[in-house]
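Summary of structural features
This is what each chain is made of:
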Amino acid sequence: MIIVMQKQASAEAVQCVVAFIRSRGLQEHVSKGEERTIIGAVGDERVFHPNELERLPFVERAIRVLNEWRIISRETQPENSIITVRGVAFGGEKMLDITADGNRAGMADAVFADPFYLPSRPYADTDRSSEKEQIRTMQAEVQRHHAAGKPVIVRVRDVRQISPALDAEADVLYLGGELMSNRALQDEVGRLNTPVVLCKDKHHRADEWLVAAEHIALRGNHHIILGEAGTLSFEPEHHYRLDVDAVVRVRKVSHLPVVANITRLWHGDMPQEILYKLAAAAGVNGVINSLQQD
């Protein structure tokens, strides 16, 4: 349920609505805009009728929400969310250039790091150093980019990696699509006050993506960025493609920023330069790429 307050609504009137929502066993999410305050009632809204809320002082209207996501919806907050990290605005007017190559961080707005990556093939060449050594390397890398004023996005692949990433002063935690159904990990990052990028998996729909983001928001962390890293393709030679439709969909119904990770999507027929333009046309707020910087 979304409750829109009148322009002249006082703080006491807002608290009256909040008390009513709590009395029915629901939680509230208050969003104060420049002109109006909007209150989201989170829970089973069937316990009351919109007319009951509209009779409360200074309530303009109450609207039932049919979707499973409410805190992150544009009904709750019409304006785009802006998450500022080390002076860099995720969700602002500028589309951010986020590099996946730390050696090319000079001209980028932010840096993406994947220190816990392991190949799927058991005999593939990989870094054989211990996890402690990986953490020390990550800490040094983060400090180097911080010295240059760059925020660092660190990909975690397991709940146990959250604490080392935070100890290394990661600015943003990145959850890959393989973690979109991991409720335990989402509970953990939902209790943090650290921005998080939530990617949808290659076989998930946009609605499932938004429900997972709502799950994090319900735990209290509203610093959420949606991440698109590819969906299944019908092309036999190129298994994944940029899910432009999903980006457009979530930008329409949610106020959360969106970034696209195109580092594993490009190929001979679809170079990174074209993917970059497609992502921009779909309305993303940033692109993670490995393009050469000018």
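In case you missed it, the structure is sitting above this.
The following refers to the structure shown.

Of the regular secondary structure elements, the chain holds eight helices and 16 strands. Relative to the globule expectation of 19 Å for 294 residues, the C-alpha radius of gyration of the chain, 21 Å, shows essentially globular dimensions. Counting only residues that meet the buried cut, the chain has 51% of its 294 residues in that class. Put simply, of all contacts in the chain between residues at least 6 apart along the chain, 63% involve residues at least 24 apart. Accessible area of the chain: about 14,900 Å², with a carbon and sulfur share of 49%. Of note, the chain has its 35 positive side-chain charges centred 3 Å away from the centre of its 41 negative side-chain charges.

Let us now look at the packing of helix α5 (residues 183-190) against helix α6 (residues 206-218). Viewed as axis vectors pointing N to C, α5 and α6 meet at an angle of 45°, and their least axial separation amounts to 8 Å. Considered as vectors, α5 and α6 are oriented oblique to each other. Contacts between α5 and α6 involve Arg183, Gln186, Asp187, Val189 and Gly190 from the former and Val211, Ala212, His215 and Ile216 from the latter. Partitioning the contact of α5 with α6 into residue classes produces four nonpolar, three polar and two charged.

With that out of the way, let us pick up the nonpolar core. Counting residues in each nonpolar core, the largest one holds 51 residues, and the members touching the most others are Leu173, Leu175, Val189, Leu198, Trp209 and Leu226. With seven residues, the single largest contributor to this core is α6. Not counting residues within four places of it along the chain, the set of residues in contact with Leu173 comprises Val154, Val156, Ile162, Ala165, Leu166, Val189, Leu192, Thr194, Pro195, Val196 and Val197. By size, the runner-up hydrophobic cluster in this structure holds 17 residues, among which are Ile3, Met5, Ile21 and Ala41.

Looking now at the sheet that holds strand β9 (residues 152-156). Strand order around the closed barrel formed by eight strands is β7-β8-β9-β10-β11-β12-β15-β16, with parallel pairing between neighbours. When strand polarity is set aside, the average angle formed by the axes of neighbouring strands in this sheet is 25°. One ladder, built from four bridges, connects strand β7 (residues 96-99) with strand β16 (residues 286-289); its direction is parallel. Residue pairing across strands places Asp97 opposite Val287, the latter belonging to β16. Sheet contacts for helix α3 (residues 131-147): β8 (110-113) and β9; angle to β9, the most-contacted strand, approximately 160°.

All right, on to the layout of surface pockets then. Space inside the largest pocket adds up to approximately 1,100 Å³. If you go around the largest pocket, you meet 34 residues; those closest to its centre are Asp114, Tyr117, Arg155, Arg157 and Arg264. Per-element accounting of the lining of the largest pocket gives the leading share, four residues, to α3. Its residues assigned to classes, the lining of the largest pocket comprises 13 nonpolar, 10 polar and 11 charged. Taken as a whole, the second largest pocket encloses approximately 180 Å³ of empty space. Lining the second largest pocket are Phe116, Leu118, Glu131, Gln134, Arg157, Asp158, Arg160 and Gln161. Here the residues of the lining of the second largest pocket sort into two nonpolar, two polar and four charged.

What counts, and where the lines are drawn
In every chain, residue numbers begin from 1 and rise along the written sequence. Confidence filtering applies because this is a predicted model: local features only for residues at pLDDT of at least 70, side-chain atom pairs given and counted only at 80 or more, and all residues used for totals across whole chains, interfaces and linings. The side-chain figures draw on all heavy atoms in the structure; neither hydrogens nor water molecules are used. Secondary structure counts use DSSP, requiring at least four H or I residues in a row for a helix and at least two E residues in a row for a strand, with both numbered from the N terminus. Our radius of gyration is a C-alpha quantity, and the globule rule it is checked against amounts to 2.2 Å times the number of residues to the power 0.38. Residue exposure (1.4 Å probe, protein chains only): buried if accessible area is under 20% of the type maximum, exposed if over 50%, otherwise partly exposed. We call two residues in contact whenever any of their non-hydrogen atoms come within 4.5 Å of each other. Per-residue accessibility takes into account occlusion by the displayed protein chains alone, with areas from the Shrake-Rupley method and a 1.4 Å probe. Charge counting follows a simple rule: Lys and Arg are positive, Asp and Glu are negative, and His as well as the terminal groups are ignored. Think of each charge as sitting on NZ of Lys, CZ of Arg, CG of Asp or CD of Glu. Axis angles are defined between N-to-C directions and span 0 to 180 degrees, where every axis is a line fitted to C-alpha atoms and, for a helix, only to the segment in contact. Each angle receives one of four descriptions, namely roughly parallel if under 35 degrees, roughly antiparallel if over 145, roughly perpendicular if within 65 to 115, and oblique otherwise. All residues other than Ala, Val, Leu, Ile, Met, Phe, Trp, Tyr, Cys, Pro, Asp, Glu, Lys and Arg, Gly among them, are scored as polar; the first ten of these are nonpolar and the last four charged. Joining through side-chain atoms within 4.5 Å is the link that ties buried Ala, Val, Leu, Ile, Met, Phe, Trp, Tyr and Cys residues into a set, and such a set is a nonpolar core. When DSSP finds two or more bridges between two strands, those strands count as paired. For each structure, a 1 Å grid was placed over the protein atoms alone; sets of points admitting a 1.4 Å probe that cannot get out are labelled cavities, open sets with protein on both sides within 12 Å along at least five of seven lines are labelled pockets, and lining residues have an atom within 4 Å of a point. Grid points are joined across faces, edges and corners, and a volume is the space filled by probe spheres set on the points.

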